[in-house]
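# What the coordinates show
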Amino acid sequence: LTLTLTLTLTLTLTLTLTLTLRFVPILAPQAPSSPPMRLRLAWVCLAAAPAAQLAAAPAPFYLYEDLPAELAEEKLAFAKRVGMYKTYTVEHELPALLAAHPLRVSDPAAAAAFIVPFPFQAVFFRFQFNCQKAPHLYHNYFSPQAHPGLQLSAFEFCQNAAAAHLEEAVGKVLEHLGGARTGAPGRDAESYWSRHGGRDHVFISPMAYGRCVANYFETLVAPRRFDALESSVFLANFGVAGHNCSVAGRDIVIPTYMNLTAARETGVAEWWGAAGAADAERPILAFYRGTDRAHDKYEGYRFRLLIRDHLSDAEGFDVGGAGLGYRDYLERMSNADFALCPGGTSPWSPRLVESIYAGCVPVLFYNQDKQVLPFADAIPWDDVAVFIHEDDIPRTPEILRALAHDVPRRRALLRDVFRKLSYETMEGEGACSAAQGAEGTCGIDGHRGNAVDMILERIGATISNE
């Protein structure tokens, strides 16, 4: 009897302790009582996001190519400007890489997932740009008269009109897929939307807040969430646990796209292959460049203002505004141990991927919202990055100097992390064979980065958990 009771108590205590350690810091983090504790909690909440169970194999997928003609034209027109808006290019580049992927199937009956390359950001931005040229032509999309007392600039008016246009465009796509409004089954491929209510359909959204359009603008009268796509899977750069613009179990946080063809020309990546590169000393402690704008409307810009006010003159910090060319930007970043990566109009930033490419330890900032970082189940973010609460930004030099001894260990992890985050491989690594190239099974420059396959694995896991 005594032995049985002891074993029972031991098992019960062990199980209770295991569950507590695994779930309490993630699901219910307590308000920190001191800056060091707050810093540590950030690591737990950001890095230990709920991980998908990747028991399922990558999903064979069907890639829609016959979007409504007017949407295809908008995507093409915006694609010509992607150099200006590199932050959002994943919605253009990822479908191009998927089109050559060996798991793509031409018969929708053989697909486990259906990828809809609807260009959210392209549709929104192109309409906004055209509206700003002649706002008076777009009052059928948004009427200021319907909101007495509302004073809007032409830019603000066009933000609201573009949001209404994007919502309308989403409706057209759903009609095209055969699952919205009309309920018509349409062609064979289109009827697959109705089969599972869109739950096996995947959309790519580099919108600042994922499933929501422009809800970060104070002047947006009616923030719009794509409720009609609630059941679908979203590949988004945005991810905040519990946020209205995220759907738990349906959103997959993906990395921003980085053009390695342009990056390689800077020569910055030479450190990857250098012996002892992880231990090499760098002359700058921390680097940051970016616009700060004179307002704190967006959380990311509030962080930037604090960086400007408190860190511009800090010893060992190379901090300043925008204006560097891409080559100078990456070269100067590669001379630093740490790279500051605040958001802007979005909580996330392409600086995360850029800093890792340049061999810098990324430094991210947060307030009450805890980001879910890309592939958090496969990347030990608490070992790679540093997370600092908004209140501790003035203490950033102190915090980073205390961690300087750990930079070689963290930097040694960056090469593997970058492979996971990159949509292309580093030059000479993992190059496709001639046969694969002839078959069209590789991506840009004859290389396909790990990010594509990791995304497909998570799509497969998400759909198989239905």
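Residues numbered from 1 in each chain as written. Predicted model: local features only at pLDDT ≥ 70, side-chain atom pairs only at ≥ 80, totals over all residues. Heavy atoms only, no water.

### Describing the environment of Gly 171
Mapped onto the secondary structure, Gly 171 falls in helix H6 (residues 154–177). Each C-alpha atom, one on Gly 171 and one on Ala 228, is 8.2 Å from the other, the two residues being 57 residues apart in sequence. (Helix = DSSP H or I, 4+ residues; strand = E, 2+ residues; numbered from the N terminus.)

### Some thoughts on empty space enclosed by the protein
Here the structure, examined in full by the defined rule, presents four cavities of 30 Å³ or more. Size it by volume and the largest cavity reaches roughly 160 Å³. Taken together, 18 residues line the largest cavity, and the ones lying closest to its centre are Asn 237, Trp 348, Ser 349, Leu 352 and Gln 371. Its residues placed into classes, the lining of the largest cavity shows 13 nonpolar, five polar and no charged. (1 Å grid on protein atoms, 1.4 Å probe; cavity = no way out; pocket = protein on both sides within 12 Å on 5 of 7 lines; lining within 4 Å. Points joined across faces, edges and corners; volume = space filled by probe spheres on them. Nonpolar A, V, L, I, M, F, W, Y, C, P; charged D, E, K, R; others polar.)

### Points about the pairing of strand S12 (residues 386–389)
Burial along S12 is two-sided: Val 386 and Ile 388 and Phe 387 and His 389, pointing in opposite directions, are all buried. Relative to S12, strand S11 (residues 361–366) is paired through four bridges, and the arrangement is parallel. Paired with Val 363 across the strands is Val 386, a residue of S12. (Buried < 20%, exposed > 50% of the residue type's maximum accessible area, 1.4 Å probe, protein only. Pairing = 2+ DSSP bridges.)

### Details of the state of the cysteines
Tallied over the entire structure, the rule returns two disulfides. A sulfur-sulfur distance of 2.1 Å marks the disulfide that ties Cys 131 to Cys 158. In this structure, the disulfide formed by Cys 131 and Cys 158 twists by about -80° around the S-S bond and is classed as left-handed. Placement of the pair is Cys 131 in helix H5 (residues 120–133) and Cys 158 in helix H6, with a sequence separation of 27 residues. An identical accessibility class is assigned to Cys 131 and Cys 158; each is buried. A sulfur-sulfur separation of 2.0 Å characterises the disulfide bridge that pairs Cys 212 with Cys 245. (Disulfide = S-S within 2.5 Å.)

### So, the sheet that holds S11
By way of backbone hydrogen bonds, the strands of a sheet pair with one another, either parallel or antiparallel. Taken together, five strands build an open sheet; the order of strands is S9-S8-S10-S11-S12 and the sheet is parallel. Because the sheet does not close on itself, it has two edges, and the strands there are strand S9 (317–320) and S12. Strand-to-strand twist in this sheet, taken as the mean axis angle between neighbours without regard to direction, amounts to 25°. Relative to strand S10 (residues 336–340), strand S8 (residues 284–289) is paired through three bridges, and the arrangement is parallel. Residue pairing in the sheet places Phe 287 in a bridge with Ala 339 of S10. Along the sheet, helix H14 (residues 407–421) makes contact with S10, S11 and S12, crossing S10 at roughly 70°. (Axes fitted to C-alpha atoms, helices over the stretch in contact; angles between N-to-C directions. Contact = heavy atoms within 4.5 Å.)

### As for the confidence of the model for the chain
A low pLDDT score tells you not to read the predicted coordinates there in detail. Per-residue confidence for the chain gives a mean pLDDT of 75, with 70% of residues at or over 70. Mean pLDDT values for the elements of the chain range from 35 in helix H1 (residues 2–27) up to 97 in helix H13 (residues 396–403). Taken as a whole, residues 1–53 scores under 50 in pLDDT and shows 50 contacts with residues more than four places along the chain or in a different chain. Note that residues 179–190 has pLDDT below 50 and, in this model, 19 contacts with residues that lie over four places away or in other chains. (pLDDT = per-residue confidence, 0-100.)

### Some details on the nonpolar core
A general tendency of soluble globular proteins is for nonpolar side chains to be buried together. Judged by nonpolar contacts, the single largest core of 55 residues is most densely connected at Leu 94, Leu 235, Trp 381, Tyr 423 and Ile 459. Counting residues per element, this core draws most heavily on helix H16 (residues 450–464), at seven residues. Ranked by size, the runner-up nonpolar core spans 44 residues in total, among them Val 123, Cys 158, Ala 162 and Val 173. (Core = buried A, V, L, I, M, F, W, Y, C linked by side-chain atoms within 4.5 Å.)

### Some remarks on the pairing of strand S6 (residues 233–236)
Along S6, one buried face is formed by Val 233 and Leu 235 and the opposite face, lined by Phe 234 and Ala 236, is buried too. Of the pairings in the sheet, the one linking strand S3 (residues 201–205) to S6 comprises four bridges and is parallel in character. Bridging across to S6, Ser 205 finds its partner in Ala 236.

### Observations concerning the pattern of salt bridges
Applying the stated criterion across every chain yields a total of 18 salt bridges. Through salt bridges with shared partners, a single ionic network connects Asp 383, Asp 406, Arg 409 and Arg 410. (Salt bridge = Lys/Arg side-chain N within 4 Å of Asp/Glu carboxyl O.)

### Some thoughts on the packing of helix H4 (residues 90–99) against H16
Interaxial distance between H4 and H16 falls to 11 Å at its minimum, and their mutual angle equals 85°. With respect to H16, the element H4 is oriented roughly perpendicular. In this structure, H4 contributes Leu 94, Leu 97 and Leu 98 to the contact, and H16 contributes Val 452, Ile 455 and Leu 456. Split into classes, the residues belonging to the contact of H4 with H16 amount to six nonpolar, no polar and no charged. (Parallel < 35°, antiparallel > 145°, perpendicular 65-115°, else oblique.)

### Some details on the environment of Leu 340
Positionally, Leu 340 belongs in strand S10. A relative accessible area of 2% means that Leu 340 is categorised as buried. In sequence terms Leu 340 and Val 386 are 46 residues apart; their C-alpha atoms lie 9.4 Å from each other. When neighbours within four sequence positions are excluded, Leu 340 is seen to be in contact with Ala 286, Phe 287, Tyr 288, Ile 307, Leu 311, Phe 317, Val 319, Arg 351, Val 363, Phe 365, Thr 396 and Leu 400.

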